[in-house]
Amino acid sequence: MRHARLRVIQSYIAFVLSTLTALFGIFWLIFIIGDVFIHGIGALNIDLFIKDPVPAGVEGGGLRNAFVGHLLITLFATLIGVPVGILGGTFLAEYARGKMIARLISILSDIMVSVPAIVVGTFVYSIIVKPSGHFSGWAGAIALAIIMIPVVLRTTEDMLSLVPWTVREAAFALGAPYYKVIIQVVYRGAATGILTGILLAIARVTGEAAPLLFTAFNNSFFSVNMNEPIASLTVSIFQYAMGPYDNWHAQAWAASLMITLFILFITILGRLVIKWRYKR
Amino acid sequence: MNLLRKNSIDLIFLLITGIASISIILITAGILFILFRESSLSIEKFGFLRFLTLVDWDPVKESFGAAAALYGTFVTTVLALSLAIPVAIGIAIFITEIAPNLLKGSVGVAIELLAAIPSIIYGMWGLFTLAPIMAEYIEPILQKTIGKLPLVGILFEGTPLGIDLLTASTILGIMIIPFTASISRDAFNLTPAVVKESAYALGATKWEVVKDIVLPYSKLGVFGGVAISLGRALGETMAVAFVLGNNNQITASLFNAAATVTVKLANEFTEADKDIYLSSLYYLALLLFIMSFIVLAIAKLLILKAERRYSR
């Protein structure tokens, strides 16, 4: 009898510890996001969005160049990465379904999703920046696109696989060729899921700084020329945070807040869409 | 005629999608090839394996070696994992076995948001908030308590400045909690309810069910989750770059600045003015790529094996 009570107490202690670990995880989430909010809101002002950086050490100025540059790099990365990812995922889920090659590429993509982003930066430096002789927005966009492709590809593959095979058979029976079945039936069935995948891929690359360090580099002037070095929020945050000036730190916090808000918004939106579409 | 046209469009679509999916293979092979080509100069000069043992990193004397960077990567990764694994498994147990349904979802979301925060934000927070806290409170306390013990005391020597291995490992540990947690949770959920119910029927307590049924059942998946975290920790750059100080040294004390492979790349890549300097950095990138690729491949295979074994 005493033994039984001991076991119950043991069980109780184990679960208190486990609850504490959950609180521990949530504690860091609140601490980090709260900290970004407190520092960031104090540093937010309209100049941040409409003014370009001023010379180091001078008060004032903003990060308009970095906002615009970041938007451009992410936009072009999406335009390159998303189509390749969706088409590649289509091949795996449709034409190569169940084949060896599909499994191989699928596993390889899962690995590439987590491969260090900075390695992608060095790769793009060697194939684009060095031959062309200068850093450029294009190089940055391609580096981010390389990171996006496996993410979008795997989501697309999973989402297309969720569309029941009978739906395709129904379309085949009406005489539709496979490409029409894919584009008009399968894509339509999986649209929400794929869209979510794209959103999450964008959220993922928006916060990346490492692959931009050696590709898009940085530019303290306003530029929309993708053939030149171009500023981005993340690289500016790194530069400003490591710099010695207080107003640099403030601007880095404000930029961090904007990035965090954007990413949390997209991530939560993506989750809501999935929940709404695939509710069990 | 119409049928032929239809078939040829189908063939074209097949080709386009096929090429798009093969891009993954091309990118992977391309990265490996390019990194290898760019680092050949350094491999020739310092030797394929000898480079790993050289501690020197001196651009003026053109003498480079990976030992200090690899050491930094190793220490931060090990410390981060030892912080993250127990917490992550605890969280997974909480979500699958303890939490009422209402909490299940929200704790899960909270942990996933922790994974969504970009590493640059972790870095900012680490530099301006965590590092001062470490320097003022936590590190002096550690120094006064376990720092006094023989043998382990050497880990806590020096002036605590907050920009050091311990702070970097702490941030890294927090960052990788979600990866192990979410994969362990999925693995726990694969345990068949019937087996758990049988154990309960025999009079097992909840903890005994977790310890003797759920954990053994899902260990492959949990190992997979740990391996993914390991792969992530090896390659994490920005969060560590803010708080490690990029100091090329092998140091026993966790209160010293150090360097990891990623931090070295982030700080020095654009400054490398000589071919051999850049080539040595590329060699570091190659080592990093190979290490994380192998670790992530093992992780993927473990998870696949776990799913195949239990999901039937």
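A quick note: this is a predicted structure, and the numbers were derived from the prediction, not measured.

## Considerations on the overall build of chain A
Working step 1: Of regular secondary structure, chain A possesses eleven helices and zero strands.
Working step 2: Over its C-alpha trace chain A gives a radius of gyration of 24 Å, far above what one expects of a compact globule, namely 19 Å for 280 residues.
Working step 3: Overall, the C-alpha framework of chain A stretches about 70 × 70 × 35 Å when taken along its three principal axes.
Working step 4: Here chain A, with 280 residues, has 50% of them falling under the buried criterion.
Working step 5: For chain A, the proportion of contacts with a sequence separation of at least 24, taken over those separated by at least 6, is 75%.

## Some details on the overall build of chain B
Working step 1: The helix and strand tally for chain B stands at twelve helices and two strands.
Working step 2: Going from N to C terminus, chain B has its helices and strands arranged as α-α-α-β-β-α-α-α-α-α-α-α-α-α.
Working step 3: With the C-alpha coordinates of chain B rotated into their principal frame, the extents come out at 75 × 65 × 35 Å.
Working step 4: Summarising the internal contacts of chain B: among those between residues at least 6 apart in sequence, 76% fall at separations of at least 24.

## Quick look at the interface of chain A and chain B
Working step 1: On the side of chain B, 69 residues touch chain A, which itself brings 68 residues to the contact.
Working step 2: For the side of chain A that touches chain B, the element with the highest residue contribution is helix H1 (residues 2-43) of chain A, accounting for 19 residues.
Working step 3: The class makeup of the residues in the side of chain A that touches chain B is 47 nonpolar, 17 polar and four charged.

## Description of helix H6 (residues 119-144) of chain B
Working step 1: Taking 1.5 Å per residue as the helical rise, H6(B) with its 26 residues ought to reach 38 Å, whereas the 32 Å between its terminal C-alpha atoms falls clearly short.
Working step 2: At B:Gly126, H6(B) shows its maximal bend, which comes to roughly 50 degrees.

## As for the confidence of the model for chain B
Detailed reading of the predicted coordinates is not advisable wherever pLDDT is low.
Working step 1: Of all residues in chain B, 97% have pLDDT values of 70 or greater, and the mean over the chain is 91.
Working step 2: Scored as a whole, the predicted complex attains pTM 0.93, and scored at its interfaces, ipTM 0.92.

## Looking at the packing of helix H8 (residues 178-206) of chain A against helix H11 (residues 246-277) of chain A
All names here are of chain A.
Working step 1: At a closest axis distance of 9 Å, the pairing of H8 and H11 adopts a crossing angle of 160 degrees. Looking at the two axes, H8 sits roughly antiparallel to H11. Between H8 and H11 lies a crossing whose hand is left-handed. Between H8 and H11, the contacting residues are Thr 192, Gly 193, Leu 195, Thr 196, Leu 199, Leu 200, Ile 202, Ala 203 and Thr 206 on the first element and Ile 259, Phe 262, Ile 263, Ile 266, Thr 267, Leu 269, Gly 270, Val 273, Ile 274 and Arg 277 on the second.
Working step 2: A per-class count over the contact of H8 with H11 returns twelve nonpolar, six polar and one charged.

Rules used throughout
- Residues numbered from 1 in each chain as written.
- Chains lettered and ligands numbered in written order.
- Predicted model: local features only at pLDDT ≥ 70, side-chain atom pairs only at ≥ 80, totals over all residues.
- Helix = DSSP H or I, 4+ residues; strand = E, 2+ residues; numbered from the N terminus.
- Rg over C-alpha atoms; globule rule 2.2 N^0.38 Å.
- Buried ≥ 20, exposed ≤ 12 C-beta atoms within 10 Å, placed from the backbone.
- Contact = placed C-beta atoms within 7 Å.
- Nonpolar A, V, L, I, M, F, W, Y, C, P; charged D, E, K, R; others polar.
- Expected span 1.5 Å × (residues − 1).
- Bend = angle between axes of the 7 residues up to and from the residue.
- pLDDT = per-residue confidence, 0-100.
- Axes fitted to C-alpha atoms, helices over the stretch in contact; angles between N-to-C directions.
- Parallel < 35°, antiparallel > 145°, perpendicular 65-115°, else oblique.
- Left-handed = near helix turned anticlockwise from the far one by under 90°.

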